[in-house]
Amino acid sequence: MSQYTGPSSYGRRAQSLLAKREKQEQELAERERQLELETNAKAKVNDKFHSKSTDVEEQVRITTYGLVTLDEMLAAQRKVEDDRARKVATAAKEEKKRVKKKKKSKVTVSFDMEEDDDVEPAMMAQPTSGDKPAKKARLGKNPAVDTSFLPDREREEADRQRREELRKEWVETQERIKSETIQVTYSYYDGSGNRRSIDVQKGFSIGQFLTACLQDLRKDFPELRGVSSESLIYVKEDLIIPHHHTFYEFIVNKTRGKSGPLFNFDVHDDIRLQHDASIEKDESHAGKVCLRSWYERNKHIFPATRWEAFDSTKDYGAYTISDSNKDKDKAKA
């Protein structure tokens, strides 16, 4: 390269022009690179909105050139679509065969040493042209092994159905027992007893029982014509029974009260009035039906002084009455 031999000012000017030209070339290259990137980005965006049926349309466009009728164009499009569907089905079938063949080619592993001794010679022996290939030994279940601890869908389903059948049978039995009729002897108590009896179902609650008693008593006791069952209380064995309890509940649990069982509704003579009161008997007393207002007025008078609200969580124990004479004799001794 020849060197410049002119004035120094011309040399500096030439160098500045060269530097300016290199800078312009770099800016031009950078602009070309940015333009190429923008072009590629637009192409990618256009590809996203590209129709999936381009191949089909392209085949139709190739097969139908020139002026064709609508029927011819539709027929050509159906033909292209059928050919494409046939190719896809064939490819799927080939893939399925390949996967199946790959599964068959897997080698099974056996941990039975005796079985390995029998299988290895068969695998090592090369079949001749006249012999049939030997079948490979397959591993099966051992029927002597206890598998009851393993999850079994059929066994679990059978157990579930059996439990459901037993549950339905139990519910039907309980409903049948609840629908049985019992005769309950009661006494409308207003200071004096007025004994009566009524037939109710075992599944009746105390509230339903008092409603039936009220209908039976209204014709003989005018003061009950304007009251409801909520104004009545039922006292059994010196316990005021809440309205939500049922006879079935007392019968099943064999609940006991302060002076006798709550699950017997037949009536015997009061053991406190005759014979030896200190001996408990399997006898019950007639339940008392009275107005709540009468109880509030007379709860300081016997027998209302012995009455208390029933508590299902409390154990009232056996019925015992202490002999005051025996206590006195023990004190003297």
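First things first, this report covers the structure right here in the doc. Note that the structure is a prediction, hence the values are computed from the model and not measured.

Description of the overall build of the protein
Per the secondary structure count, the protein includes nine helices and six strands. Looking at the protein as a whole, 22% of its 333 residues are labelled buried. When contacts within the protein are restricted to residue pairs at least 6 apart in sequence, long-range pairs at least 24 apart make up 55% of them. Accessible area for the protein stands at about 26,600 Å²; split by element, carbon and sulfur atoms hold 52% of it.

Observations concerning the nonpolar core
Core analysis: the biggest nonpolar cluster contains 35 residues, and Phe209, Leu224, Tyr234, Ile241 and Trp307 have the highest contact counts within it. Where this core is concerned, the elements lending two or more residues are strand 1 (181-188), strand 2 (195-201), helix 6 (206-217), strand 3 (232-236), strand 4 (239-241), helix 7 (247-253), strand 5 (287-291) and helix 8 (292-298). The element that contributes the greatest number of residues to this core is helix 6, accounting for six residues. Excluding residues that lie within four positions of it along the chain, Leu224 makes contacts with Tyr188, Leu214, Leu217, Arg218, Leu232 and Leu291.

Things to note about unusual backbone geometry
Looking along the chain, the bond that leaves Phe302 and enters Pro303 is cis, with omega of 5°. Structurally, Pro303 is set in the loop between helix 8 and strand 6 (308-309). Not every positive phi belongs to a glycine, and Glu237 is a case in point at roughly 55°. Mapped onto the secondary structure, Glu237 falls in the loop between strand 3 and strand 4. The class of Glu237 is buried, set by a relative accessible area of 4%.

Examining the environment of Val235
Relative to the helices and strands, Val235 is located in strand 3. Note on Val235: relative accessible area 3%, which makes it buried. The spatial distance from the C-alpha of Val235 to the C-alpha of Phe310 is 9.3 Å, given a sequence separation of 75 residues. Setting aside residues up to four positions removed in sequence, Val235 forms contacts with Ile240, Gly287, Lys288 and Trp307.

Remarks on the side chain of Ser229
Note that Ser229 resides in the loop between helix 6 and strand 3. Judged by relative accessible area, Ser229 falls into the buried class, the value being 15%. At a separation of 3.4 Å, a polar atom in the side chain of Ser229 contacts the side chain of Thr211. If we ignore the near neighbours within four places in the chain, the residues touching Ser229 are Gly207, Leu210, Thr211, Leu214 and His243.

Thresholds, definitions, all that
All residue numbers refer to position in the chain's written sequence, counted from 1. Restriction of local features to residues with pLDDT of at least 70 applies here, the model being predicted, together with a cutoff of 80 or more for giving and counting side-chain atom pairs; totals for whole chains, interfaces and linings are based on all residues. The side-chain numbers reported here are obtained from all heavy atoms of the structure, hydrogens and water having been left aside. Numbering of helices and strands runs from the N terminus; a helix is a DSSP stretch of H or I covering at least four residues, while a strand is a stretch of E covering at least two. Buried, partly exposed and exposed residues are distinguished by accessible area as a fraction of the type maximum, computed with a 1.4 Å probe on protein chains only: under 20%, between the cut-offs, and over 50%, respectively. By definition, residues are in contact when any of their heavy atoms lie within 4.5 Å. Here the open area of atoms and residues is found with the Shrake-Rupley method and a 1.4 Å probe, where only the protein chains shown may cover a residue. What we call a nonpolar core is a set of buried Ala, Val, Leu, Ile, Met, Phe, Trp, Tyr and Cys residues that are connected through their side-chain atoms within 4.5 Å. Two N or O atoms count as a polar contact when they lie within 3.5 Å, although within protein this holds only if one can serve as hydrogen donor and the other as acceptor, and sequence-adjacent residues are included solely when both atoms are side-chain atoms.

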